[in-house]
There are 2 protein chains.
Amino acid sequence: MATSTVENYLKHILLLSEGGGELVSMGALATSLSVVPGTATTMVKALADSGHVEHRPRQGVRLTAEGRRLALSVLRKHRLVETFLVTVLKMDWAAVHAEAEQLEHAISDEVLDRLDALLGHPDTDPHGDPIPSRQGKINSQVYATLATCAVAKPLRLVRITDQSAEFLQFAEQNGLLPGATVHVADRNLAAGLITLKPAKGPALALSLAAAGSILVQPAR
Amino acid sequence: MATSTVENYLKHILLLSEGGGELVSMGALATSLSVVPGTATTMVKALADSGHVEHRPRQGVRLTAEGRRLALSVLRKHRLVETFLVTVLKMDWAAVHAEAEQLEHAISDEVLDRLDALLGHPDTDPHGDPIPSRQGKINSQVYATLATCAVAKPLRLVRITDQSAEFLQFAEQNGLLPGATVHVADRNLAAGLITLKPAKGPALALSLAAAGSILVQPAR
DNA sequence: GAATCTATTTTGAGTAGTCAAAATAAATCC
DNA sequence: GGATTTATTTTGACTACTCAAAATAGATTC
């Protein structure tokens, strides 16, 4: 059985490679896992030995088919657990990420299947992140962000990719939940910010960085 | 934060000391945790250094107040998780022990409190094992067992202390669930078995060892 | 085409846990 | 009261991580 350290490495490699097969650098991986780069190198070599990843020295890592399978299963656990915590236990949107981080390594496939059924087989978690299927399929549709979408057109909010509790809290307080309708009133590249007008509630300003973590699609 | 190894040692010491303050031998502890005795000795010394237990060399271990507090909190998690798995996820009575063994170390106090509320603050788990309160109080009432109780008197089944999946499966198939009414038709010390007559269903024979793990109280 | 900068890898050492097997202490037996 | 049995402890070694800091490889600059 894979240790939770192994599961975490694979999950972070998956997330950093954006679903595609690009190489993930040691620096990025180390930062993402909060370890020093040397640790990431050592661990990645071990992961390569066990067949979970392919390591190109000085270039980066990529998941093998087996590594990807395992990483998707961890991601599925993480996102279903988050969904359970929010919809059944009514926990705070912003707090569930940290909880799921622990539980994703302790939950069995059997429990997961029952949780999935209880929740009605959702295909996204409360933040709009797609939940991989049992077979390892995941919706990898590319959406526009508030930093890149058309101005003054009505938009439906699909997903918040920033996992930090502070940002999620801010988003919730301003009604920026998946499903909400908004439009970008103004985008000022020079100032590095956008002005957002939610369908309900007052207008608000957002940095381009923050706007980039909110994914949208044209509303009707 | 205590590692899950530490949590397991403390939990097993608590269970082996029967709630009281008796010393637990290294041999018993090692067997219970499936480690060799030398490992238990080493670990217990570390636990003594961190103030969780008191170690009397060549005699045994005992929990300190702090160790007991932590052990009870782990036991509370274990038993509430078991209850959740059976009553909400409809999992098999016999399978939940192994699941809870993992989840008890990954679940936060916040999640636990919400689970507890969702379940209506139960005071026993599906096997009849008492659930410690948030404050660390636990019902330590002493019950008779089918091996020690009066013969031919009506009894209410309160608890099954054997955690093994096989025994629990057997018990379930014969209607031996907490709350069931039975009486002991015969007890044959020489043969080492008892004959049990459930209120509903046919009579069945049980070894004294098996009978000893079924706790009962006088019915009505 | 050296010199420098930056990312990565290597090396050496530490922590938390484990086992196998030898040493020791306590209890029991004759 | 010695000899033996049994439980416990000690010792040395291994796995799975981790970090700090030195070495190295590529890329970049002048």
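Residues numbered from 1 in each chain as written. Chains lettered and ligands numbered in written order. Predicted model: local features only at pLDDT ≥ 70, side-chain atom pairs only at ≥ 80, totals over all residues. Heavy atoms only, no water.

A. Spatial organisation of the interface of chain A and chain B. Taken together, the 17 residues of chain A in the interface contact 17 residues of chain B. Buried area between chain A and chain B, summed over both chains or domains, comes out near 1,400 Å², and the portion from carbon and sulfur atoms is 72%. At the junction of chain A with chain B, the criterion picks out 0 salt bridges. Scanning the region where chain A abuts chain B turns up 6 residue pairs in polar contact (both at pLDDT 80 or more). At the level of secondary structure, the elements contributing two or more residues to the side of chain A that touches chain B comprise α4 (65-87), α5 (96-103) and α6 (109-118) of chain A. Looking at the side of chain A that touches chain B, the element that brings in the most residues is α6(A), giving 5 residues. Class assignment for the residues of the side of chain A that touches chain B results in 11 nonpolar, 2 polar and 4 charged. (Contact = heavy atoms within 4.5 Å. Buried area = accessible area lost by both parts, 1.4 Å probe. Salt bridge = Lys/Arg side-chain N within 4 Å of Asp/Glu carboxyl O. Polar contact = N/O pair within 3.5 Å; in protein donor to acceptor, adjacent residues only side chain to side chain. Helix = DSSP H or I, 4+ residues; strand = E, 2+ residues; numbered from the N terminus. Nonpolar A, V, L, I, M, F, W, Y, C, P; charged D, E, K, R; others polar.)

B. Representation of the domain arrangement of chain A within the structure. All names here are of chain A. Segmentation of chain A into domains returns domain 1 (4-63), domain 2 (72-140) and domain 3 (144-218). Distance from the C-alpha centre of domain 1 to the C-alpha centre of domain 2: 23 Å. Counting residues at the interface gives 7 residues for domain 1 and 8 residues for domain 2. Summing the contributions of domain 1 and of domain 2, the shared interface buries around 600 Å²; its carbon and sulfur component is 62%. For the pair domain 1 and domain 2, the interface holds 2 salt bridges. Between E104 and K11 there is a salt bridge whose closest N-O contact spans 2.8 Å. For the interface between domain 1 and domain 2, the tally reads 4 residue pairs in polar contact (both at pLDDT 80 or more). (Domains from an automatic or database assignment.)

C. The arrangement of the packing of α4(A) against α6(A) in detail. Residues and elements named next belong to chain A. Interaxial distance between α4 and α6 falls to 10 Å at its minimum, and their mutual angle equals 45 degrees. Our classification of the angle between α4 and α6 gives oblique. The handedness of the crossing between α4 and α6 comes out as left-handed. Residue-level contacts link R76, K77, L80 and F84 of α4 to D109, L112, D113, L115, D116 and L118 of α6. Residue classes in the contact of α4 with α6 are distributed as 5 nonpolar, no polar and 5 charged. (Axes fitted to C-alpha atoms, helices over the stretch in contact; angles between N-to-C directions. Parallel < 35°, antiparallel > 145°, perpendicular 65-115°, else oblique. Left-handed = near helix turned anticlockwise from the far one by under 90°.)

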